Amino acid sequence: MYYPDEIIEEIRSKVNIVDIIGERVGLKRKGREYWCNCPFHNEKTPSFHVLPDRQMYHCFGCHAGGNVYTFLMQYENYSFNEAVKYLAERTGVSLPEGKYNGEDSGLRDKKYRLYEVNKTAAAFYHYILTKTQQGELGREYFEGRGLSAETMGKFALGYASQGGNILYNYLKGKGFDDQTMMDAGLISFSEKYGIKDFFWNRVIIPIVDKNNKVIGFGGRVMGDALPKYINTKETEIYEKRHNLFALNLARRSRRNGFILCEGYMDVISMHQAGFDNAVASLGTAFTEDQANLLKRFTDIAYLAYDSDGAGTMATLKAIAILREYGITQRVIDMKPYKDPDEFIKGLGSDAFEERIRNAIPGRMFEIDSIAKEKNLNDPEEKTAVMHSIGRVIAGIDDSAKRINYLETVCRKYNFDTDAMRSVISRYYGSVRDAEAYKEREMELRREHKKQDAGDIPEYEAMLLTWFIDDKTLLDKLEIEEKDFTEGLCRVAFHEMKEQYEQTGEINPAAIVDRYTEVEDQQKMAKVLNTVPKFESDDKKSHMITDVIKKIKLARIEDEMKKVTDNEQLLKLMDELKKYKNFTFSNL
């Protein structure tokens, strides 16, 4: 489905990108630009900037960039059409009925069909579970886990029948092609068995993103077969590390913070018990991308992982990641039960509410984990524990908080306060040095990414930025599309030329929409967001002269290597001579 370019441009012209981004992440004005910490990667020094004059944004750290449509696609996980519809409603622009065009849809919105086939599959699985005799086994399983019909509906739980290709035939009848079903991970193919449904004899849990779009599925086998759980493979719309299960529901909760669980059933049981702020990672350890996603909605996370050894290790890793992203961490004690589902069934919601109120800070959980099962009556073990705990406390920036932790730990574990203070002082400097080293390492990585991303020729990029800064150069310089060796630059130049000839202006934000791949949009956003600075007109003339010479001579010399016609070769030689002697002074 696509909308005419003039409608897309009309909508964008009525939106201020500063308002759209500012509502979500907050911006601070510095001169003619706006800056903030990047919402797409973790950083302490702002490198994300927005240029209202150009209606574009760019991050110098992770290279995210584009126009208002690109931002909504990246931040809200909208498809392009969803971004258009959202902004149309906001600006009061009436959208014409979208037109279907196979080629344009593939270029403009590759994800659309995957969302549609997943939505249709989820509805089919839910129908099988709730309305058919085949689904009785699935209903018995969920009811055995204590789930109500209302909860099954809330999470659109489903059932995949035993064997065959029932879903395949249903989706085929709805007009979906084999490749779309394959790309969504709903079917599999082998020469021996042909096409078969990927999920069978399993209860189905749809995985929904924060914007209520079905992006994948989890399936739990009926019986004792292995593997017990399988998930949709990663697809263009489903990346485990970038999503959290039930975030679409938890983001609407009125409860304070989010509760992080390990599994789907924990989350579903907690929502049924009234804890509708529960979410879970998707079959992986908690990731930095999930922390970055979480911080958009909250500044506190309650960890409700399993109480066994593996759960403790997962909790410690999650604490470190959450701390790095500035999210307060508190740990809920599950004992004597293993997980939230068992706890609530055993002791009830009121008891779990009490555990939330008494959840301990993340650093205290780290400290208790260090001291756990150690013999503090043994001088050697006690000394080792004090040093390990001292490193943890030394990492606390706030001096008052550091002192409070010192006093609390000394009371709890009967440590000598002066001795513990000495240990902390010993490690304070090294911890700060380690943090500084980590910051430098991250900066080097960002610089390396900048170099890797710089596959657009420097001189061609400079020329494009000059055209945006001074559109009259399009008249003054004899530049042609063929002078650009990079395809992205040729597209940008063609669009600039066309805009200038038709309107007398250049609209950088509109140029970005000519690229269908987000990666290409980001590369060009970096170029089009650059504001050139010249010390003087003479310096500007010299720089333009050098750039035009390099671009023109490179193109001419390349053509001379390929030409076979003598007349054409003579023309190229004359052009070569012209640009070897070229000097620009027409400012």
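In short, a report on the structure.

Conventions adopted
Residues numbered from 1 in each chain as written. Predicted model: local features only at pLDDT ≥ 70, side-chain atom pairs only at ≥ 80, totals over all residues. Heavy atoms only, no water. Buried < 20%, exposed > 50% of the residue type's maximum accessible area, 1.4 Å probe, protein only. Helix = DSSP H or I, 4+ residues; strand = E, 2+ residues; numbered from the N terminus. Pairing = 2+ DSSP bridges. Core = buried A, V, L, I, M, F, W, Y, C linked by side-chain atoms within 4.5 Å. Contact = heavy atoms within 4.5 Å. Axes fitted to C-alpha atoms, helices over the stretch in contact; angles between N-to-C directions. Parallel < 35°, antiparallel > 145°, perpendicular 65-115°, else oblique. Left-handed = near helix turned anticlockwise from the far one by under 90°. Nonpolar A, V, L, I, M, F, W, Y, C, P; charged D, E, K, R; others polar. Salt bridge = Lys/Arg side-chain N within 4 Å of Asp/Glu carboxyl O.

**Some points on helix 17 (residues 362-371)**
Turn by turn, an α-helix covers 3.6 residues, leaving residues three or four places apart pointing in a common direction.
So, point 1. Burial within helix 17 is extensive, with eight of its 10 residues counted as buried.
So, point 2. Three or more residues of helix 17 are buried, namely Gly362, Arg363, Met364, Phe365, Glu366, Ile367, Asp368 and Ala371.
So, point 3. Count one or two residues on from helix 17 and you reach glutamate 373, which has phi positive near 60°.

**Quick notes on the sheet that holds strand 2 (residues 33-36)**
So, point 1. One open sheet holds the five strands; their spatial order is 1-2-3-4-5, and the pairing between them is antiparallel. The open sheet has two free edges, formed respectively by strand 1 (28-30) and strand 5 (65-66), since each of these has just one partner strand.
So, point 2. Where strand 4 (residues 56-59) meets strand 5, two bridges bridge the pair, whose relative direction is antiparallel. For histidine 58, the partnering residue across the bridge sits in strand 5 and is glycine 65.

**Notes on the pairing of strand 12 (residues 258-261)**
So, point 1. Both faces of strand 12 are covered, namely the face carrying Phe258 and Leu260 and the face carrying Ile259 and Cys261.
So, point 2. Here strand 12 runs beside strand 14 (residues 300-303); their pairing, made up of three bridges, is parallel. Bridge assignment links isoleucine 259 to a residue of strand 14, and that residue is tyrosine 302.
So, point 3. In this structure, strand 12 lies alongside strand 13 (residues 278-280), joined through three bridges in parallel fashion. Of the residues in strand 13, the one forming a bridge with cysteine 261 is alanine 280.

**Some thoughts on the pairing of strand 9 (residues 202-208)**
So, point 1. Among the seven residues of strand 9, seven are classified as buried, and the element is accordingly described as predominantly covered.
So, point 2. Side-chain alternation along strand 9 places Arg202, Ile204, Pro206 and Val208 on one buried face and Val203, Ile205 and Ile207 on a second face that is also buried.
So, point 3. Counting the residues between successive antiparallel strands, the hairpin from strand 9 to strand 10 (residues 214-221) contains five residues, one of them, asparagine 212, with a positive phi of roughly 70°.

**Observations concerning the nonpolar core**
So, point 1. With 62 residues, the main nonpolar core has Phe245, Ile259 and Phe352 as its most contacted residues.
So, point 2. Tallying contributions element by element places helix 6 (residues 112-131) first for this core, with nine residues.
So, point 3. When sequence neighbours within four positions are dropped, the list of residues in contact with phenylalanine 352 reads Ile259, Met270, Phe275, Ile332, Met334, Pro340, Phe343 and Ile344.
So, point 4. Ranked by size, the runner-up nonpolar core spans 40 residues in total, among them Ala461, Leu477, Met496 and Ala525.

**Here we look at the packing of helix 2 (residues 17-25) against helix 3 (residues 68-75)**
So, point 1. The N-to-C vectors of helix 2 and helix 3 enclose an angle of 20°; their axes lie 9 Å apart at closest approach. On the basis of their axis angle, the class for helix 2 and helix 3 is roughly parallel. Classified by chirality, the crossing of helix 3 by helix 2 is left-handed. Across the interface between the two elements, Ile17, Ile20, Ile21, Arg24 and Val25 of helix 2 pack against Val68, Phe71, Leu72 and Tyr75 of helix 3.
So, point 2. The residue inventory of the contact of helix 2 with helix 3, partitioned by class, reads eight nonpolar, no polar and one charged.

**Some details on the pattern of salt bridges**
Where charged atoms from two side chains of opposite charge approach closely, those side chains can pair.
So, point 1. The final tally for this structure, using the stated rule, is 31 salt bridges.
So, point 2. Salt-bridge contacts for lysine 119 lead to glutamate 116; the nearest nitrogen and oxygen are separated by 3.5 Å. Taken together, the positions of lysine 119 and glutamate 116, both in helix 6 and three residues apart, correspond to about one turn of that helix.
So, point 3. Residue classification places lysine 119 among the partly exposed residues on the basis of a relative accessible area of 48%.
So, point 4. Judged by relative accessible area, glutamate 116 falls into the partly exposed class, the value being 23%.
So, point 5. The residue arginine 357 makes a salt bridge to glutamate 354 at a minimum N-O spacing of 2.5 Å. Residue arginine 357 and its partner glutamate 354 are located together in helix 16 (residues 349-357), separated by three residues, close to a single helical turn.
So, point 6. What emerges from the salt-bridge pattern is a single network uniting Glu480, Asp483, Lys552, Arg555, Glu559 and Glu575.

This is a description of form; function is not addressed.
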